[in-house]
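# Geometric and topological summary
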Amino acid sequence: MNLLVLGPQGAGKGTQAKRIASEYGIPHVSTGDMFRAAQAEGTEFGKQVGEIMESGRLVPDELTIAMIEERLSRPDARAGFVLDGFPRNLTQAEALDAMLVGIGRGLDAILFFDVPDEVGTQRALERAQLEGRADDTPEVIARRLQIYHSETEPVAEHYRATGKLIPLHAARTIDEVWSEITDSLQVVA
Ligand code: AMP
């Protein structure tokens, strides 16, 4: 099963993507996690990426697309994947579509986590206190939301046109959203 999770910060994408990955036995591919891992390794690439992340801006498309292309070509992604945090803009979405055509695969569903801005922002602020992520300051959270509206929302429209977009009521509890997900994936799988 080839899945995408799409939605703003604080929508619960990462939590649900991890659960999907363990339930369906497919890798959770999160660009944010991959960039944070690179940052923790302290390589030159990691340092550059770290600075960009801490500003709330997006890492350049070429780097991000190349990283995802390499990741999806690994053997563990053959059975499927759940992509989280990618694509973030239309350029990345078109690159992903082309990549999948190239390997003869398609997306089975795009899970769209719909939450009001206030809910997502509040959750992101709470996570900031719990996890202490360097890019979770109020200013950076606001910048990320702004970029989400201008760059990432068009990606949802792009996939809505395929008829495979599944809107979720993501302001509900983790278990409620999870049951919406499993119900909708039963129809897909
Ligand atoms: P996330 O954990 O998905 O919120 O991502 C954390 C940060 O990593 C973002 O604010 C961006 O700086 C960077 N990032 C993650 N995914 C992407 C992507 N697909 N394209 C560009 N930058 C990304």
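Below is a summary of the structure that appears in this document. (Residues numbered from 1 in each chain as written. Predicted model: local features only at pLDDT ≥ 70, side-chain atom pairs only at ≥ 80, totals over all residues. Heavy atoms only, no water.)

Attention now moves to the site of the ligand. The full set close to the ligand counts 16 residues, and Thr31, Arg36, Arg57, Gly85 and Gln92 are the nearest of them. The contact in question runs from an oxygen atom of the ligand to an N or O atom on the backbone of Arg57, over 2.6 Å. Within the contact set of the ligand, a nitrogen atom lies 2.9 Å away from a side-chain nitrogen or oxygen of Gln92. A total of 480 Å² of accessible area belongs to the ligand in isolation, and the protein chains cover 94% of it. A majority-of-atoms criterion places the ligand in the largest pocket. (Near = heavy atom within 4 Å. Polar contact = N/O pair within 3.5 Å; in protein donor to acceptor, adjacent residues only side chain to side chain. Areas by Shrake-Rupley, 256 points an atom, 1.4 Å probe, with all protein chains shown as cover. 1 Å grid on protein atoms, 1.4 Å probe; cavity = no way out; pocket = protein on both sides within 12 Å on 5 of 7 lines; lining within 4 Å. Sits in = over half its atoms within 2 Å of the grid points.)

Here we come to the packing of helix α6 (residues 117-131) against helix α7 (residues 138-160). Orientation of α6 relative to α7, taken along the N-to-C sense of each, is 140°, at an axis distance of 10 Å. With respect to α7, the axis of α6 lies oblique. With respect to the hand of their crossing, α6 and α7 are arranged in right-handed fashion. Contacts from Asp117, Thr121, Ala124, Leu125 and Arg127 in α6 reach Pro138, Ile141, Arg144, Leu145 and His149 in α7. Classifying every residue of the contact of α6 with α7 by side-chain character gives five nonpolar, two polar and three charged. (Axes fitted to C-alpha atoms, helices over the stretch in contact; angles between N-to-C directions. Helix = DSSP H or I, 4+ residues; strand = E, 2+ residues; numbered from the N terminus. Parallel < 35°, antiparallel > 145°, perpendicular 65-115°, else oblique. Left-handed = near helix turned anticlockwise from the far one by under 90°. Contact = heavy atoms within 4.5 Å. Nonpolar A, V, L, I, M, F, W, Y, C, P; charged D, E, K, R; others polar.)

Moving on: the sheet that holds strand β5 (residues 165-169). Read from one edge of the open sheet, five strands run β2-β3-β1-β4-β5, paired in parallel fashion. Where the open sheet ends on each side, the last strands, each with one partner, are β2 (28-30) and β5. Recorded for the sheet is a direction-independent mean angle of 20° between the axes of neighbouring strands. Of the strand pairs in this sheet, strand β1 (residues 2-6) and strand β3 (residues 81-84) are connected by four bridges, and their pairing is parallel. Following the sheet pairing, Leu3 is matched in β3 by Val82. (Pairing = 2+ DSSP bridges.)

Right, let's talk about the nonpolar core for a bit. One finds Leu83, Leu96, Leu107 and Tyr159 to be the most contacted residues of the largest nonpolar core, which totals 22 residues. Considering each element in turn, this core owes the most residues, five residues, to helix α5 (residues 90-102). Not counting residues up to four positions away in its chain, the partners in contact with Leu107 are Asn2, Leu4, Phe81, Leu96, Leu100, Tyr159 and Lys164. Listed in part, the 19 residues of the second largest apolar core include Val5, Leu111, Ile166 and Ile181. (Core = buried A, V, L, I, M, F, W, Y, C linked by side-chain atoms within 4.5 Å. Buried < 20%, exposed > 50% of the residue type's maximum accessible area, 1.4 Å probe, protein only.)

Now for the packing of α5 against α7. α7 packs onto α5 with a crossing angle of 40° between their chain directions and a minimal axis gap of 8 Å. Relative to α7, the element α5 is oriented oblique. Taking contact as the criterion, the partners of Leu90, Ala93, Leu96 and Asp97 in α5 are, on α7, Glu151, Pro154, Val155, His158 and Tyr159. When grouped by side-chain class, the residues that make up the contact of α5 with α7 number six nonpolar, one polar and two charged.

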